[in-house]
Amino acid sequence: MEDGQLNVRQGSKGWQEGRAKNITFIVTKDCQLACKYCYLVGKNVQERMPWETAKAAIDFVLDHKDDSNFANYSSVIWDFIGGEPFLEIELIDHICDYIKSELFRRNHPWFNSYRFSFSTNGINYGSEQVQRFIEKNKDHLSIGITIDGTERKHDLNRVYKNSERGSYQDVVRNIPLWLKQFPNAGTKVTISSADIPYISESVLHLFKLGIHQVNINCVFEDVWKNGDDKLFEEQLINLADAIIDNKLYEQFSCSFFQEHLGHPLDCTIDNQNWCGAGKMLAVDAAGNFYPCTRFAQYSLRDKEAWIIGNVYDGIDQNKLRPFLTLDRCTQSSPECVNCEVAEGCAWCQGENFDAAQTHTVFERATAICKMHKARVRANNYYWNKLYRKLELEGKREEFEANKKNVKPEIC
């Protein structure tokens, strides 16, 4: 995702080419799981979004379609998160019905040019209510199920709350149904210090499950130990060997390996902010607006929530303005700006804020620096080996031609 907007390709009829506004409903702060790497430190069962709040948020957005915060977007992503969003499937169904009817009634430019997006732990995916919702909205849905890899890796972190019981078996049973309904869907894998030894086997396991696109990243928080970067690099090289030696690259992809990763960046032409905080809009159960869900109180360890307005009074542009001025160079140290492998080094704006010494979004957290450099080294190994293999087989030109024809999917 770039600039808080999804780059999407033509999907169902009505979807417009280009970038879409992302509007997120924090429908609940409850979840069945207590994942050990989860940045949501304030999950609870009390804060559930009332219908009246959701309706007011929708009305505000649609009433202000010509405002600078919403104008010039030909499409919209209505995103639902928690906690676990499918715990509130009845509310979500009501919200989506209202959105569809209002877009039609108002003859809104977003009519039939929208997506309902979910990232779910997958536990309730096969339930009757969720399946009814999917059937009703299947032409406008993007659903990702989080499964972290093998049972060993998944259950190391993704455990039930008030228990050490892992959730792998309850998730994996729903993967075949999910892939039948969304065959091009990808999963999102999170890496923390404890599960580094299981990266390679886990990605290969997900491929075997039939998941063709594995999106994977290291947590941004400062959890890394001495030597983690070396172990990380070893795991990625093992994974690279397995993918290339078994020609898995022909059908599968892992986001750890990207051809243009690890180059220097020029502040005059490559100075965009990594994430879209401030260009997205999130709303919680109390009706508060945030520049991103990561600025809500349940997402923050050490800072107070950064509220930019509410569903009744609207958006305070003064509180939003700092996010609209963010770029790479204004929040990076000279070391990061001049880094020879800066391309692809990510950050989370919320973690920048949470980890900063003062109340600012202009101080970049760099806990993943060594992990990024290890990834770059493994990435260079991957592409050097792959292209040597393709050249020996006389298939490099064919491979590069096929890459150009690949269209980005909704993620």
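Above: the structure in question.
Owing to the predicted nature of the structure, the values given are computational and were not obtained by experimental measurement.

**Examining the overall build of the protein chain**
The helix and strand inventory of the protein chain stands at 14 helices and 12 strands. Over its C-alpha atoms the protein chain spans a radius of gyration of 21 Å, differing by no more than 12% from the 22 Å that the globule rule assigns to 411 residues. Dimensions along the principal axes, computed over C-alpha positions, put the protein chain at roughly 60 × 50 × 45 Å. In the protein chain, the share of contacts with a sequence separation of at least 24, taken over all contacts with a separation of at least 6, comes to 75%. Here the protein chain displays about 18900 Å² of accessible surface, and carbon together with sulfur accounts for 48% of that area. For the protein chain, the distance from the average position of its 49 positive side-chain charges to the average position of its 57 negative side-chain charges is 3 Å.

**Re the nonpolar core**
Phe25, Trp78, Phe80, Trp110 and Trp178 are the most contacted members of the largest nonpolar core, which has 104 residues in total. With residues near it in sequence (within four places) discarded, Phe80 still touches Phe25, Val27, Pro85, Ile92, Ile95, Cys96, Phe116, Ser117, Phe118 and Ser119. By size, the runner-up hydrophobic cluster in this structure holds 7 residues, among which are Ile26, Ala282, Tyr290 and Tyr298.

**Some details on the packing of helix H2 (residues 89–105) against helix H3 (residues 128–137)**
Two elements in contact, H2 and H3, have axes whose closest approach is 10 Å; the angle formed by their N-to-C orientations is 15°. Considering their axes alone, H2 and H3 lie roughly parallel with respect to each other. Like other packed secondary-structure pairs, H2 and H3 cross with a definite hand, here left-handed. For the pair formed by H2 and H3, the contact residues are Ile89, Glu90, Ile92, Asp93, Cys96, Asp97 and Lys100 on the first element and Gln129, Val130, Phe133, Lys136 and Asn137 on the second. In terms of residue class, the contact of H2 with H3 is built from 5 nonpolar, 2 polar and 5 charged.

**What to know about the state of the cysteines**
Per the stated rule, a full pass over the model turns up 1 disulfide. Paired through a disulfide, Cys267 and Cys329 show a sulfur-sulfur distance of 1.5 Å. Torsion about the S-S bond of the Cys267 and Cys329 cystine: about -80°, corresponding to left-handed handedness. In this pair, Cys267 sits in the loop between strand E8 (253–254) and strand E9 (281–283) while Cys329 sits in helix H10 (residues 328–331), placing the two residues 62 residues apart along the sequence.

**Points about the environment of Phe104**
Mapping Phe104 onto the fold places it in helix H2. In this structure the C-alpha to C-alpha distance between Phe104 and Gln297, which are 193 residues apart in sequence, comes to 35 Å.

**What to know about the side chain of Lys29**
Tracing the backbone shows Lys29 in the loop between strand E2 (18–26) and helix H1 (51–63). Of the polar contacts made by the side chain of Lys29, one reaches the side chain of Glu47; its length is 2.9 Å.

**Details of the pattern of salt bridges**
Under the criterion given, the structure shown has 30 salt bridges. One salt bridge connects Arg48 with Glu88, and the closest N-O pair in it is separated by 2.6 Å. Of this pair, Arg48 sits in the loop between E2 and H1 while Glu88 sits in the loop between strand E3 (75–81) and H2, and the two are 40 residues apart along the sequence. We classify Arg48 as partly exposed; its relative accessible area is 48%. The salt bridge partner of Glu233 is Arg377, with a shortest N-O separation of 2.8 Å. In this pair, Glu233 is assigned in helix H8 (residues 228–245) and Arg377 in helix H13 (residues 369–393), connecting sequence segments 144 residues apart.

**Section: the pairing of strand E7 (residues 213–218)**
Every second residue of E7 is oriented toward a common face, the buried set being Val214, Ile216 and Cys218 and the non-buried set Gln213, Asn215 and Asn217. Where strand E6 (residues 186–191) and E7 come together, 6 bridges link them in parallel fashion. Residue pairing for E7: Thr187 is matched across the bridge by Val214. On the question of chirality, the crossover connecting E6 to the parallel E7 by way of helix H7 (residues 199–208) is right-handed. Of the strand pairs in this sheet, E7 and E8 are connected by 2 bridges, and their pairing is parallel. For Val214, the partnering residue across the bridge sits in E8 and is Cys254.

**Some details on H2**
Over its 17 residues, H2 extends 24 Å from the first C-alpha to the last, a length consistent with the 24 Å expected when each residue adds 1.5 Å. Every buried residue of H2 is listed here: Ile89, Leu91, Ile92, Ile95, Cys96, Tyr98, Ile99, Glu102 and Leu103. One or two residues past the end of H2 sits Asn107, with phi positive at roughly 50°.

**Describing the pairing of E3**
By the criterion of burial, E3 is predominantly enclosed, with 7 of the 7 residues buried. Both faces of E3 are covered, namely the face carrying Ser75, Ile77, Asp79 and Ile81 and the face carrying Val76, Trp78 and Phe80. Once the chain exits E3 it traverses H2 before rejoining the sheet at strand E4 (residues 114–120), and the crossover so formed is right-handed.

Criteria and thresholds
Residues numbered from 1 in each chain as written. Predicted model: local features only at pLDDT ≥ 70, side-chain atom pairs only at ≥ 80, totals over all residues. Heavy atoms only, no water. Helix = DSSP H or I, 4+ residues; strand = E, 2+ residues; numbered from the N terminus. Rg over C-alpha atoms; globule rule 2.2 N^0.38 Å. Contact = heavy atoms within 4.5 Å. Areas by Shrake-Rupley, 256 points an atom, 1.4 Å probe, with all protein chains shown as cover. Lys, Arg positive; Asp, Glu negative; His and termini not counted. Charge placed at Lys NZ, Arg CZ, Asp CG, Glu CD. Core = buried A, V, L, I, M, F, W, Y, C linked by side-chain atoms within 4.5 Å. Buried < 20%, exposed > 50% of the residue type's maximum accessible area, 1.4 Å probe, protein only. Axes fitted to C-alpha atoms, helices over the stretch in contact; angles between N-to-C directions. Parallel < 35°, antiparallel > 145°, perpendicular 65-115°, else oblique. Left-handed = near helix turned anticlockwise from the far one by under 90°. Nonpolar A, V, L, I, M, F, W, Y, C, P; charged D, E, K, R; others polar. Disulfide = S-S within 2.5 Å. Polar contact = N/O pair within 3.5 Å; in protein donor to acceptor, adjacent residues only side chain to side chain. Salt bridge = Lys/Arg side-chain N within 4 Å of Asp/Glu carboxyl O. Pairing = 2+ DSSP bridges. Right-handed = clockwise from strand over helix to strand, strands pointing away. Expected span 1.5 Å × (residues − 1).

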